[in-house]
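# Breakdown of the fold
Here is what each chain is made of, one letter per residue.
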Amino acid sequence: MAAARPSEPAEGSAASAAPARRPEDSSGALLTIDLDAIAENWRRLRARLRAGAQCAGVVKADGYGCGAVKVAKRLHAEGCRVFFVARTDEGFALKPHLPDAEVCVLDGLVPSLANDYAAAGLVPVLNDPAQVEAWTSYCVANELRPPVVIHVDTGMNRLGLSEADALALAADRDALRAFSDAMVMSHLVVSEEPDNPINARQLAAYERVRARFPKAKASLANSSGIFLGPAYHFDLARPGYALYGGNPTPGKPNPMRRAVQLLARVIAVREVDKAGTVGYGATARIGAGGRIATIAVGYADGYLRSLSNRGEAWIGSHRVPIIGRVSMDLVTLDVSSVPPEACQVGDHAELIGAHLGVDDVAERAGTNGYEILTSLGPRYHRAYLGEVD
Ligand SMILES: *Cc1c(COP(=O)(O)O)cnc(C)c1O
């Protein structure tokens, strides 16, 4: 083949005639997020709420790993108008996409940034008396009357005004003068355990506080809290996990629709012709006559190392165990029981999907589905179903 002269365009060369590179070939794993399913989950949750209650969308941690902006825009198209993020930076990034919605920042107010919250139109969820004081002074001084959300701690001992501080605030007639309307919220500790008496205790503590803010709106339930019944619904529910297809009722069938699929590409299949070990640390043994498929996913993708020798995958209709350690970039599957023609280089193994829900993966990894979702890494090729602009 003659070398192209530098001045000559390379048209007609093999490179330019090649078909476009496909992401499913060049990426290790394909993550598909079904925004239609997330939208349907939001409608299902809303349909469970008592009449008159609103349903928010919690999209912190990049929408539980699913893409906060895309998820929020899809939920907005369904009619969702209240969103929660954790970090102030998440709020700054999301709010421009949702000009007519309330974006509430659970981390609370950083007083030195009051100007920035106001300019962005963010709603800080005020977590302590100093934040209430700082935001009130700022809003009065600047003649703003934004809505306000006050977080009251009823048992988490993490964020929020103590019951005593909340009652002191309620006793101050002028306290919320700066705000157009107020919401008092709290957060449940064990809502996924309906029989745990802590739920009723938190509800009672919350009712005590809320009674002292008769004009404020009220919000208590996260995903699982919605399933504790209408007494927990108040004016606004704040589901996150269930939107993304996680089971808000552990131990019972999942009432939500699956929204996440993760497929990893098989990049090698090897016949094992003498007994040996597999992977780092020699933690697993395989005998002669076994077969190993190596897939292009690892802990650097957020595929947790605790799934070593414990996780599983599906290749077509075959369930296959992970053998050996999850390494940074690779996972090895024992495909000895799979007919060779059913597992070849270029095929994809399902790691999360129809056979294997987020909660199943979590159980095997010794964690919860929230961590599985929020670990979904940036190296996956992401495809979205049902995206809106
Ligand atoms: C994360 C969070 C939620 C959502 O909880 P899920 O269990 O994911 O539904 C609701 N409220 C607060 C305060 C949160 O931090």
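Scoring rules and cut-offs
- Residues take numbers from 1 onward in each chain, read along the sequence in its written order.
- Reporting of local features is limited, given that this is a predicted model, to residues whose pLDDT is at least 70; pairs of side-chain atoms are given and counted only at 80 or more, and all residues count toward the totals for whole chains, interfaces and linings.
- Excluded from the side-chain calculation are hydrogens and water; included are all heavy atoms of the structure.
- Any residue with at least one heavy atom within 4 Å of a molecule or strand is counted as near it.
- Each polar contact in these results corresponds to two N or O atoms within 3.5 Å; when the atoms are within protein, one needs to be able to donate a hydrogen and the other to accept it, and residues that are neighboring in sequence are counted only if both atoms are side-chain atoms.
- All accessible areas in this document rest on Shrake-Rupley with a 1.4 Å probe, and a residue is counted as covered only by the protein chains that are shown.
- For salt bridges, the criterion is a side-chain nitrogen of Lys or Arg within 4 Å of an Asp or Glu carboxyl oxygen.
- Helix and strand assignments follow DSSP, with helices taken as H or I runs no shorter than four residues and strands as E runs no shorter than two, numbered in order from the N terminus.
- Between N-to-C directions, angles cover 0 to 180 degrees, with each direction set by a line fitted to C-alpha atoms, over the stretch in contact for helices.
- Each angle gets one of four labels, with under 35 degrees taken as roughly parallel, over 145 as roughly antiparallel, 65 to 115 as roughly perpendicular, and the rest as oblique.
- By definition, turning the near helix anticlockwise from the far helix through less than a right angle yields a left-handed crossing, and turning it clockwise yields a right-handed one.
- Contact criterion: two residues are considered in contact whenever any of their non-hydrogen atoms come within 4.5 Å of each other.
- For this scheme, ten residues count as nonpolar: Ala, Val, Leu, Ile, Met, Phe, Trp, Tyr, Cys and Pro. Four count as charged, namely Asp, Glu, Lys and Arg, and the remainder, Gly too, count as polar.
- By nonpolar core is meant a set of buried Ala, Val, Leu, Ile, Met, Phe, Trp, Tyr and Cys residues that side-chain atoms within 4.5 Å join together.
- For the exposure calls, accessible area comes from a 1.4 Å probe over protein chains only, and a residue counts as buried if that area is under 20% of its type's maximum, exposed if over 50%, partly exposed in between.
- These domain boundaries are the output of an automatic or database domain assignment.
- Across the chain, each position has a pLDDT score giving the predictor's confidence in that residue, from 0 to 100.

Around the ligand sit 13 residues, and of these Lys60, Tyr64, Ser223, Tyr241 and Tyr370 come closest. Here a nitrogen atom of the ligand sits 3.4 Å away from a polar atom, N or O, in the side chain of His187. Between Tyr370 and the ligand, the recorded distance is 2.6 Å, taken from a side-chain N or O atom to an oxygen atom. Here the ligand, which alone exposes 380 Å², has 93% of that area covered by the protein.

Next up on the list: the pattern of salt bridges. For the structure on display, the rule yields 18 salt bridges. Between Glu40 and Arg44 there is a salt bridge whose closest N-O contact spans 2.4 Å. Here the residue Glu40 and the residue Arg44 both occupy positions in helix H3 (residues 35–48), the gap between them amounting to four residues, near one helical turn. One salt bridge in this structure joins Asp181 and Lys217, with 3.7 Å as the shortest N-O distance.

Between H3 and helix H5 (residues 68–78), the shortest axis-to-axis distance is 9 Å and the interhelical angle comes to 50°. Compared by their axis directions, H3 and H5 come out oblique. The element H3 and its partner H5 pack so that their crossing is right-handed. Contacts between H3 and H5 pair Leu35, Asp36, Ile38, Ala39, Trp42, Arg43 and Arg46 from the former with Lys70, Val71, Arg74, Leu75 and Glu78 from the latter. Of the residues assigned to the contact of H3 with H5, the class counts are six nonpolar, no polar and six charged.

As a further point, take the nonpolar core. Counting 112 residues, the largest nonpolar core has Phe84, Trp135 and Leu333 as its most contacted members. Ranked by residue count, the leading element in this core is H3, at five residues. The residue makeup of this core includes at least three contributed by each of domain 1 (35–244) and domain 2 (260–356). For Leu333, the residues in contact, after removing those within four places along its chain, are Arg291, Ile292, Ala293, Ile295, Ala313, Ile315, Val320, Pro321, Ile322, Ile323 and Ala349. Membership of the second largest hydrophobic core comes to six residues, among which are Val278, Ala284, Ile286 and Ile292.

When the pLDDT values of the chain are averaged, the result is 95; 96% of them are 70 or greater. A low-confidence stretch, residues 1–10 (pLDDT under 50), is modelled with one contact involving residues beyond four sequence positions or located in other chains.

Before going further, it helps to spend a moment on the side chain of Ser219. With respect to the secondary-structure elements, Ser219 resides in strand S9 (residues 217–219). What makes Ser219 buried here is its relative accessible area of 0%. Within the structure, Ser219 has its side chain in polar contact with the backbone oxygen of Leu236 (distance 2.8 Å). If we ignore the near neighbours within four places in the chain, the residues touching Ser219 are Met183, Val184, Met185, Ser186, Tyr206, Phe234, Leu236 and Arg238.

For the rest of this paragraph, the subject is the packing of helix H9 (residues 163–171) against helix H10 (residues 197–211). With their axes 9 Å apart at the nearest point, H9 and H10 run at an angle of 20° to one another. By the criterion of interaxial angle, the relationship of H9 to H10 is roughly parallel. Note on packing geometry: the crossing formed by H9 with H10 is right-handed. Contact with H9, carried on its side by Glu163, Ala166 and Leu167, involves Ala205, Arg208 and Val209 of H10 and no other residues of that element.

Right, let's talk about the environment of Trp314 for a bit. Relative to the helices and strands, Trp314 is located in strand S15 (residues 312–315). According to the relative accessible area criterion, Trp314 is buried, its value standing at 16%. Taking the C-alpha atoms as reference points, Trp314 and Pro147, separated by 167 residues in sequence, lie 49 Å from one another. With residues near it in sequence (within four places) discarded, Trp314 still touches Arg319, Val320, His348, Ala349, Glu350, His355 and Leu356. Of note is the side chain of Trp314, whose polar atom sits 3.3 Å from the side chain of Glu312.

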